[in-house]
Amino acid sequence: MNVSKRIQLLPEHIIDQIKAGEVIERPSSLIKEILENSLDAGASSINLNIVENGLSLISIEDNGKGIASEDLPLAFCRHATSKISRFEDVYRLHSFGFRGEALASIASISKLTCESSHQKNKSVIKIEGGETKSHTHLGEQESSGTKIYIKDLFYNTPVRMKFIQSSKAEKNQIQKIIKSFLLANPKVEFKISWDNLDKEIYPAHTHSNAQDNFLARLSDVLNFKREDLVWSENVYDGIQCKVVLSKHSNRGNAHKNHFLFINNRYVQDIQLHKIVLNSAKSLWPEGETGHYVVYLNLPSDEIDVNVHPSKTKIKFFTPPKVFSMVSGTINHLMATQIQPQKESGLQNTSNQDSLLETQREVNYRNFEFNSDNKMQSYFENLHGQEQTQLTSAIESEINLPSFLLFKRNDQSYCLHKQKFYSYHLAFILNQKSINEETIPLMVSRPIKITGKNAKHNEEFLSQLGFEIDFIAEDSALLRTFPKQIQHYPYLAFIAEQLNKKKINGFNDLSFAFLEDFEMGQHLLMECLKQFSLTELLDEKIIVQLTDRNLSQLYE
Ligand SMILES: Nc1ncnc2c1ncn2[C@@H]1O[C@H](COP(=O)(O)OP(=O)(O)OP(=O)(O)O)[C@@H](O)[C@H]1O
Ligand SMILES: [Mg+2]
């Protein structure tokens, strides 16, 4: 390897290329950034053209306020932004952008031309691989707006290019991003064309009633009839929550039309996702989910969007309030608009067990998230798990490779280690939403994809806190994993789940990879404390050893 012996500062354009990877991982993230810029500029009409999934050309044209001629070169410099001027502004955001990084990143890994007109002043800039080739003033132009042509994306970062091979996966991702902008901005007209084919036109919906606009756009985008959707909205303590649910469920592509917007920003939040699905559960057949779109608006000092470079993760400063708002709005919707179905469900319940089950569901739906303790117990109940402890201490254990023999209150027991690992793993994964913490992998490790169901299974796994990126038809990268599973071989776990038959629920997870796994004794004892002896006896993970069993060992 050719390694320079002296420490030296990297030239700016190389720093930009390296840093670009944080913001522009793939064409879909680029599209997200430029759409956000057009909306931040107040555009009411946006024209987007994507060729070869963005790798050969992405062009955008908007009628926003434009960029002043003398500022145009600055727009492509790192940390140059017109959107914030002090750090505190990050907590008072009224724009999507604030880092001043997107255009610099894009320009460093493509060949770009940007033409912009602001207050009658028009100029054009050409940049290649971060190097400005020309900047020309074009004189006066009546209308304001910006056009950007981005050609040959990643041409100078071939390694990154190699990671983007699966055109189907990339197209899906781009479609999802575009859909999110369409759904959140019904008043903006969008014209989208793929590979220079006919434009898909989404007209602006500008009724005086916001609900009509959202529903009209939703029908355009998701191909739904208005009567197939239910809508409810609620305002409390500065938080506004609008919820749209589909009356029909979708068995297959469960994740596809689940959209959460916070202050018009498309975000992903596992806890809110679970709350929505759980609150709306009785609307859909058992084991299936319908589509939902949730729009939340909160004062900008109630959220922190500065938690991830892609800005798709949000931190709430008062999560109980937000959760309670969302569940409350859906509860109200279910009670007022879906009542008849719920009642018939209760009447049909003949046996005692399922009656209890239904009552428990109703309790969850009426849950108020007004304290952290209650929130904790909500998530515990949500997964039907109670945390109990193996109370009195285990004495004199003998640790064998596959079994743990121990004595407790003068009684001997044997624990089947592998069964316990599977049970424990299922328990912590099931509990994940109590503590949403995920650990990002500093170096993402590739996973070989052998089956056809990987993409489908990824949707379920992402709800458990595993963030997976498909980089080719036959490989994926694990980006984050839930903290609680860190003592287990999570890469083997992910590889196993991605390459198996379709996962349609928690019970479909498999744990064959645990066969070769051995947990240290100290950790094993710690994990054991989370369960009661009775529970593990019931599950046949522990068996009681009688005198006869023991004496047989000597026969
Ligand atoms: N379509 C556009 N119309 C008008 N101005 C634009 C447009 N796109 C970018 N700009 C200007 O260029 C600046 C730099 O854009 P860039 O996307 O790099 O940074 P940002 O939007 O400020 O922050 P972020 O990196 O978080 O997106 C913006 O602050 C804005 O002033
Ligand atoms: Mg931006």
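Please refer to the structure placed before this passage.
Conventions used here
- Residues numbered from 1 in each chain as written.
- Chains lettered and ligands numbered in written order.
- Predicted model: local features only at pLDDT ≥ 70, side-chain atom pairs only at ≥ 80, totals over all residues.
- Heavy atoms only, no water.
- Helix = DSSP H or I, 4+ residues; strand = E, 2+ residues; numbered from the N terminus.
- Buried < 20%, exposed > 50% of the residue type's maximum accessible area, 1.4 Å probe, protein only.
- Contact = heavy atoms within 4.5 Å.
- Areas by Shrake-Rupley, 256 points an atom, 1.4 Å probe, with all protein chains shown as cover.
- Patch = residues over 30% accessible without salt bridge, like charges linked within 9 Å, V, L, I, M, F, W, Y side chains within 5 Å.
- Salt bridge = Lys/Arg side-chain N within 4 Å of Asp/Glu carboxyl O.
- Near = heavy atom within 4 Å.
- Polar contact = N/O pair within 3.5 Å; in protein donor to acceptor, adjacent residues only side chain to side chain.
- Core = buried A, V, L, I, M, F, W, Y, C linked by side-chain atoms within 4.5 Å.
- Domains from an automatic or database assignment.
- Pairing = 2+ DSSP bridges.
- Axes fitted to C-alpha atoms, helices over the stretch in contact; angles between N-to-C directions.
- Parallel < 35°, antiparallel > 145°, perpendicular 65-115°, else oblique.
- Left-handed = near helix turned anticlockwise from the far one by under 90°.
- Phe/Tyr/Trp six-rings, centres within 6.5 Å; stacked < 30°, edge-to-face > 60°.
- Lys NZ or Arg CZ within 6 Å of the ring centre and 35° of its normal.

**Q** Run through the overall build of the chain, naming residues and quoting values.
**A** Of regular secondary structure, the chain possesses 18 helices and 22 strands. The buried share of the chain, reckoned over its 555 residues, is 50%. Relative to all contacts within the chain whose residues are 6 or more apart in sequence, the contacts with residues 24 or more apart total 67%. Total accessible area computed for the chain in this model is approximately 27,700 Å², and 49% of it derives from carbon and sulfur atoms.

**Q** Before we move on, can you summarise unusual backbone geometry with the specific residues and values?
**A** One non-glycine residue, Asn53, lies in positive phi territory at about 50 degrees. You can see Asn53 is positioned in the loop between β1 (45-51) and β2 (57-62). We note that Asn263 has phi near 45 degrees; this positive angle belongs to a residue other than glycine. Here Asn263 is to be found in the loop between β11 (258-262) and β12 (265-267). Classification of Asn263 as partly exposed rests on a relative accessible area of 25%.

**Q** Describe a nonpolar patch on the surface, listing the residues and the values that go with them.
**A** There is a patch of nonpolar side chains on the surface, built from Ile398, Leu400 and Phe403 and spanning about 240 Å² of accessible area. In this structure, Phe403 sits in strand β17 (residues 403-408). Overall, the relative accessible area of 33% leaves Phe403 in the partly exposed class.

**Q** Can you break down the site of ligand 1 residue by residue, with the values?
**A** Around ligand 1 sit 21 residues, and of these Asn37, Thr81, Ser82, Lys83 and Glu101 come closest. In the environment of ligand 1, an oxygen atom lies 2.8 Å from a nitrogen or oxygen atom belonging to the side chain of Asn37. Interatomic distance of 2.8 Å between a backbone N/O atom of Gly100 and an oxygen atom of ligand 1. In the complex, 94% of the free accessible area of ligand 1, which totals 590 Å², lies under the protein chains. Secondary structure elements with two or more residues in the shell around ligand 1: α2 (27-40) and α4 (102-108). No other element matches α2, which puts three residues into the shell around ligand 1.

**Q** Help me get a handle on the side chain of Glu115, residues and values and all.
**A** Within the fold, Glu115 resides in strand β3 (residues 111-118). The class of Glu115 is buried, set by a relative accessible area of 19%. A distance of 3.0 Å separates a polar atom in the side chain of Glu115 from a polar atom in the side chain of Lys122. Those residues within four positions of Glu115 in sequence are excluded, and the remaining contacts are Lys122, Ser123, Val124, Leu138, Gly145, Thr146 and Lys147.

**Q** I'd like a description of helix α8 (residues 270-279), backed by residues and values.
**A** Of all ten residues making up α8, ten are buried, and the element is well covered by its neighbours. Of all the residues in α8, the buried ones are Ile270, Gln271, Leu272, His273, Lys274, Ile275, Val276, Leu277, Asn278 and Ser279. Looking at where α8 begins, the residue whose side-chain oxygen comes 3.1 Å from the main-chain nitrogen of Gln271 is Asp269.

**Q** How would you summarise the nonpolar core if you had to cite specific residues and measurements?
**A** In terms of nonpolar packing, the biggest core is built from 54 residues, with Leu48, Phe76, Ile178 and Phe190 touching the most fellow members. Counting only domains with at least three residues in this core, you end up with domain 1 (12-199) and domain 2 (210-381). If sequence neighbours within four positions are ignored, Leu48 has contacts with Ile31, Ile34, Leu35, Ile58, Ser59, Ile60, Ile178, Lys191, Ile192 and Ser193. Counting 49 residues, the second largest nonpolar core, distinct from the first, contains Ile447, Leu478, Phe506 and Phe531.

**Q** Tell me about the sheet that holds strand β7 (residues 189-194), and name the residues and values.
**A** Strands sit in the order β5-β4-β3-β6-β2-β1-β7-β8 across an open sheet of eight strands; the sheet is mixed. The strands lining the two open edges of the sheet, one partner per strand, are β5 (131-140) and β8 (200-202). Strand-to-strand, the axes of this sheet are offset by a mean angle of 10 degrees, without reference to chain direction. As paired elements, β3 and strand β4 (residues 121-128) share eight bridges and run antiparallel to each other. Looking at the pairing, Ser116 lines up with Ser123 of β4. Each of β1, β2, β6 (145-151) and β7 touches α2; the most contacted strand, β2, lies at about 10 degrees to it.

**Q** Describe in detail the packing of α2 against helix α6 (residues 167-184), supporting the description with residues and values.
**A** Between two packed helices, both the angle of their axes relative to each other and the distance between the axes serve to describe the pair. At a minimum axis separation of 9 Å, α2 and α6 run at an interaxial angle of 20 degrees. Compared by their axis directions, α2 and α6 come out roughly parallel. For the crossing formed where α2 meets α6, the hand is right-handed. Within the contact between the two elements, α2 uses Pro27, Ser28, Ile31, Lys32, Leu35, Glu36 and Leu39 and α6 uses Glu170, Gln173, Ile174, Ile177, Ile178 and Phe181.

**Q** Talk me through the packing of aromatic side chains; I want residue IDs and the actual numbers.
**A** Two measures describe an aromatic ring pair: the distance that separates the ring centres and the angle between the ring planes. One pass over the full model with this rule turns up 19 aromatic pairs. Judged by centre distance (6.2 Å) and plane angle (25 degrees), the ring pair of Phe214 and Trp231 falls under stacked. One end of the pair, Phe214, is in helix α7 (residues 210-222); the other, Trp231, is in strand β9 (residues 229-236), and 17 residues separate them in sequence. The residues Phe214 and Trp231 share a single accessibility class, namely buried. Just above the ring of Trp194 sits the side chain of Lys171; from NZ or CZ to the centre is 4.6 Å. Note that Lys176 overlies the ring of Phe259, its terminal NZ or CZ placed 5.1 Å from the centroid.

**Q** So, the pairing of strand β13 (residues 289-297): which residues are in play, and what are the values?
**A** Across the nine residues that make up β13, a large majority, eight, are buried. Two elements, β11 and β13, share five bridges in a ladder whose sense is parallel. Note on β13: the bridge partner recorded for Ile262 is Leu296.

**Q** Kindly report on the environment of Ser56, identifying the contributing residues and their values.
**A** Looking at the element boundaries, Ser56 is found in the loop between β1 and β2. Among all residues touching Ser56, those that are not within four sequence positions of it are Val51, Ile150, Lys151 and Asp152.

**Q** Quick rundown of the pattern of salt bridges? Include the residues and the values.
**A** Applying the stated rule across the entire model yields 15 salt bridges. Between Glu33 and Lys32 there is a salt bridge, with the nearest N and O atoms lying 3.6 Å from each other. Lys120 serves as the salt-bridge partner of Glu142, at 3.8 Å between the closest nitrogen and oxygen. Remark: Lys120 occurs in the loop between β3 and β4 and Glu142 occurs in the loop between β5 and β6; sequence separation between them is 22 residues. The class of Glu142 is exposed, set by a relative accessible area of 66%.

So yeah, pure geometry; function would need other evidence.
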